[in-house]
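Working through the structure, step by step
The primary structure of each chain is shown beneath.
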Amino acid sequence: MELFGDPADDAPRAGKGKAALAPLAERMRPRTLAEYLGQEGVVGEGRALRAAIEAGAAGSLLLWGPPGVGKTTLALLIAQHAGLHFRPFSAVLAGVAQVREAVAQAQQDRARDGRGTLLFVDEIHRFNKAQQDAFLPHVERGDLVLVGATTENPSFAVTGALLSRCRVVPLQPLPPDAVKQLVRAALADRERGLGVRGLRIDDAALDRLVALAGGDARRSLGCIEACAAGCVDGETMTAAMVAEAFQHRVLAHDKDGDLHHDLLSALHKSLRNSDVQAAVYWLARAIEAGADPVHAARRLVAVAAEDVGLADPMALQVAVAALQASQFLGLPEARLPLAEAAVYLAAAPKSNAIYRAIAAAGEAARRGPQHPVPPHLRNATTKLAADLGHGQGYVYAHDSKDGVAAMECLPPELRDARFYQPGARGFEAKVAERMADNDRLRRPGRAAD
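Here the residue index of a chain counts from 1 through its sequence in written order. Selection of residues for local features in this predicted model requires a pLDDT of at least 70, selection of side-chain atom pairs for listing and counting requires 80 or more, and totals for whole chains, interfaces and linings are taken over all residues. Neither water nor hydrogens contribute to the side-chain values; these are computed over all heavy atoms in the structure.

1. Observations concerning the overall build of the protein chain
- For helices the rule is a DSSP run of H or I covering at least 4 residues; for strands it is a run of E covering at least 2, with both sets numbered from the N terminus onward. What the protein chain contains, in helices and strands, is 21 helices and seven strands.
- Accessible area is worked out with a 1.4 Å probe on protein chains only. A residue is then buried under 20% of its type maximum, exposed over 50%, and partly exposed in between. Expressed as a percentage of its 449 residues, the buried residues of the protein chain come to 40%.
- A contact between two residues is defined here by any heavy atoms of the two lying within 4.5 Å. For the protein chain, restricting intrachain contacts to residue pairs at least 6 apart in sequence, the fraction spanning at least 24 positions comes to 73%.
- In these tables, accessible area is a Shrake-Rupley quantity obtained with a 1.4 Å probe, and a residue counts as shielded only by the protein chains included in the view. Within the structure as shown, the protein chain displays about 23,700 Å² of accessible surface, and the carbon and sulfur contribution to it stands at 54%.

Here you go:
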């Protein structure tokens, strides 16, 4: 299998030989920057990158964005404006040996016709450090222009050395107007699109397609192509046809990437903000997209401990029960205990007092003096320990009338430290009352805080 080649030799031409069989999305690939839709914030008129591309001086780039937003197309346009050979290169299929082969081919091309090469590395995040580092000397010497495409955050997926030599260009999902313009162009274009068939799409169908496509140009055109396959010439596509074409669509999700963590982050923050409807939605989004339900359940447990805390002590039990139930049941049944826990946690009173308490105590332990354990709290396990005073002055709490001994348990230097400060919501108000009572019993005559 060839790992790289020049697509200019295989450019699709509607109605001519095998190229007529190319998918609609490939046939409608933009040929100019004017046709390149949806990324005006990056390559729109007046943008610095657009000026650099038009001047043939874009340099090495990392194109970061979800599928179907035009990463390959932008790389093709960069090569076109710079007069470079375009060599697509698959990080899934290639290794260091293929990198060397690609560089050698670029050198041969330059010797033959004087033109440089743009090496387009799709899914560059799949390369390990050694494979990514193999590009460095060639990029530095100008042997080739490197344009990498990734759906993963380059800060985590690309080595620092390569990041320092490439400009990161974030690309966004296509906005609704751009998707609509793309679909209408595909239906009208008689050379590359479906214009010869006279097909139309009604407004409701177009709105439905935009909602289902999620800003993915390839998915949008794939839907139109699927609908067209079942239409007679001149027919109008309806919302029902679009829904049928999308019935087996895969929701956007990348189990190890940004979108996976974004969905779980949205779930967590919706729970924290007591938004029941949003919590159920983001939970469903993650599950329907194929996320492991255990990952969602772990978020619920984290919310119960971090954001609900002792405002509702039952929250942690509910979340842990949902985690165990999801492991026991599996999908699809696991959706129910997870949804029940999400609703419970979202509706519960909130407190992050426990989170703040353990963080403050940890900070004191890490950065403060390492105070010795007071002698009365130590065990007199040997005669020497007893002679040193270990255990002297210790009072067994259960021997006290109220079950609280008049005895300090913190080092003297931390006697007045207040790591945990309960809030006034839910059960935590009761905890505050009990703490105040216990403080008075441990320190007779102490005023309530």
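2. What about the sheet that holds strand β2 (residues 85–90)?
- The criterion for strand pairing is that DSSP finds at least two bridges linking the strands in question. Spatially, the five strands line up as an open sheet ordered β2-β3-β4-β1-β5, and their pairing is parallel. Since the sheet does not close on itself, it has two edges, and those belong to β2 and β5 (167–170), each with one partner. Recorded for the sheet is a direction-independent mean angle of 20° between the axes of neighbouring strands.
- The pairing of strand β1 (residues 61–64) with β5 spans four bridges and is parallel. Inter-axis angles, ranging from 0 to 180 degrees, are taken between N-to-C directions of lines fitted to C-alpha atoms, where helices are fitted over the stretch in contact.

3. A look at the confidence of the model for the protein chain
- Here pLDDT means the predictor's own confidence in every residue, given as a number from 0 to 100. With 90% of its residues at a pLDDT of at least 70, the protein chain reaches an overall mean of 83.
- Confidence drops under pLDDT 50 across residues 1–19; counting only partners more than four residues distant or on other chains, this segment forms 35 contacts.
- Taken as a whole, residues 249–258 scores under 50 in pLDDT and shows 26 contacts with residues more than four places along the chain or in a different chain.

4. Regarding the nonpolar core
- Ranked by size, the top nonpolar core spans 52 residues in total, and within it Leu74, Leu118, Ile201, Leu209, Ile224, Met237 and Val242 carry the most contacts.
- The next biggest cluster of nonpolar side chains, apart from the first, holds 24 residues, and it includes Leu271, Val308, Ala322 and Ala342. Nonpolar core, defined: a set of buried Ala, Val, Leu, Ile, Met, Phe, Trp, Tyr and Cys residues in which side-chain atoms within 4.5 Å join the residues together.

5. What to know about the packing of helix α10 (residues 176–188) against helix α12 (residues 217–229)
- At a minimum axis distance of 10 Å, the contact between α10 and α12 shows a crossing angle of 40°. Between α10 and α12, the angle is such that the two are oblique. With respect to the hand of their crossing, α10 and α12 are arranged in right-handed fashion. Taken together, the residues of α12 that come into contact with α10 (itself represented by Val179, Leu182, Val183, Ala186 and Leu187) are Ala217, Ser220, Leu221 and Ile224. For classification, angles of less than 35 degrees are called roughly parallel, those exceeding 145 degrees roughly antiparallel, those between 65 and 115 degrees roughly perpendicular, and all remaining angles oblique. Note: crossing handedness is left-handed where the near helix turns anticlockwise from the far helix by less than a right angle, and right-handed where it turns clockwise.

6. Overview of the pattern of salt bridges
- Salt bridges are defined as contacts in which a side-chain nitrogen from Lys or Arg sits within 4 Å of a carboxyl oxygen from Asp or Glu. Taken as a whole, this structure holds 21 salt bridges when the rule is applied.
- Here Arg367 ties to Glu363 by a salt bridge, and the two come within 2.6 Å at their closest N and O atoms. You can see Arg367 and its partner Glu363 sitting in helix α19 (residues 353–367), four residues apart, about one turn around the helix.
- Given a relative accessible area of 33%, Glu363 falls into the partly exposed group.
- The network of salt bridges with shared partners includes Arg31, Glu35, Asp189 and Arg192.

7. Overview of the packing of aromatic side chains
- Here a pair means two rings of Phe, Tyr or Trp (six-membered ring of Trp) with centres within 6.5 Å. Their orientation is stacked below 30 degrees between planes, edge-to-face above 60, and tilted elsewhere. Evaluation of the coordinates by the stated rule reveals three aromatic pairs.
- A ring pair is formed by Phe86 and Phe120, whose centres lie 5.8 Å apart and whose planes are at 25°; its orientation type is stacked. Taken together, the residues span a long stretch of sequence, with Phe86 in strand β2 and Phe120 in strand β3 (residues 117–122) at a distance of 34 residues. A single burial state applies to Phe86 and to Phe120, both of which are buried.
- Ring plane angle 70° and centroid distance 4.9 Å describe the contact between Tyr281 and Trp282, whose orientation is recorded as edge-to-face.
- A relative accessible area of 44% means that Tyr281 is categorised as partly exposed.

8. A word on the side chain of Gln39
- Within the secondary structure layout, Gln39 lies in the loop between α1 (24–27) and α2 (40–43).
- Those residues in contact with Gln39, other than ones at most four positions away along the chain, are Gly44, Val69, Leu171, Gln172 and Leu174.

9. Side note on the side chain of Asp189
- Topologically, Asp189 is positioned in the loop between α10 and β6 (200–201).
- Of the polar contacts made by the side chain of Asp189, one reaches the backbone nitrogen of Glu191; its length is 2.8 Å.
- Ignoring sequence-local partners within four residues, the contact set of Asp189 consists of Met28, Leu194 and Gly195. Each polar contact in these results corresponds to two N or O atoms within 3.5 Å; when the atoms are within protein, one needs to be able to donate a hydrogen and the other to accept it, and residues that are neighboring in sequence are counted only if both atoms are side-chain atoms.

10. With respect to the state of the cysteines
- Disulfide: a pair of cysteine sulfur atoms within 2.5 Å of each other. If you walk through the whole model with that rule in mind, you get zero disulfides.
- Cys227 supplies the cysteine sulfur nearest to Cys223, a cysteine that is in no disulfide, at a spacing of 4.2 Å.
- In this structure Cys223 comes out as buried when scored by relative accessible area, which is 3%.

11. Section: unusual backbone geometry
- Positive phi, normally seen in glycine, also occurs at Glu123, with a value near 55°.
- Along the polypeptide, Glu123 turns up in the loop between β3 and α6 (129–133).
- Residue Glu123 is classed as partly exposed on the basis of its relative accessible area, which comes to 26%.
- Positioned with a positive phi, Ser274 is a non-glycine residue whose angle comes to about 60°.
- Within the secondary structure, Ser274 sits in the loop between α14 (258–272) and α15 (276–288).
- Residue class for Ser274 comes out partly exposed when judged on its relative accessible area of 38%.

12. Things to note about the packing of helix α11 (residues 203–213) against α12
- Running from N to C, α11 and α12 cross one another at 135°; their axes reach a closest spacing of 9 Å. It follows that α11 is oblique to α12 by the angle criterion. In the packing of α11 onto α12, the handedness of the crossing is right-handed. Contact residues: α11 offers Leu209, Leu212 and Ala213, while α12 offers Arg219, Ser220, Cys223 and Ile224.

13. Quick look at helix α18 (residues 335–347)
- To estimate how far a helix should extend, the number of its residues minus one is multiplied by 1.5 Å. For α18, which comprises 13 residues, the first-to-last C-alpha distance of 18 Å matches the rise-based estimate of 18 Å (1.5 Å per residue) to within 8%.
- Of the positions making up α18, those classed as buried are Pro337, Leu338, Ala341, Ala342, Leu345 and Ala346. Looking straight down α18, one finds that the buried residues subtend no more than 160° of arc, so they occupy a single side. More than 90 degrees from the buried face of α18, the exposed residues found are Leu336, Glu340 and Ala347. Relevant arc is that of directions from the helix axis to the C-beta atoms, nothing else.

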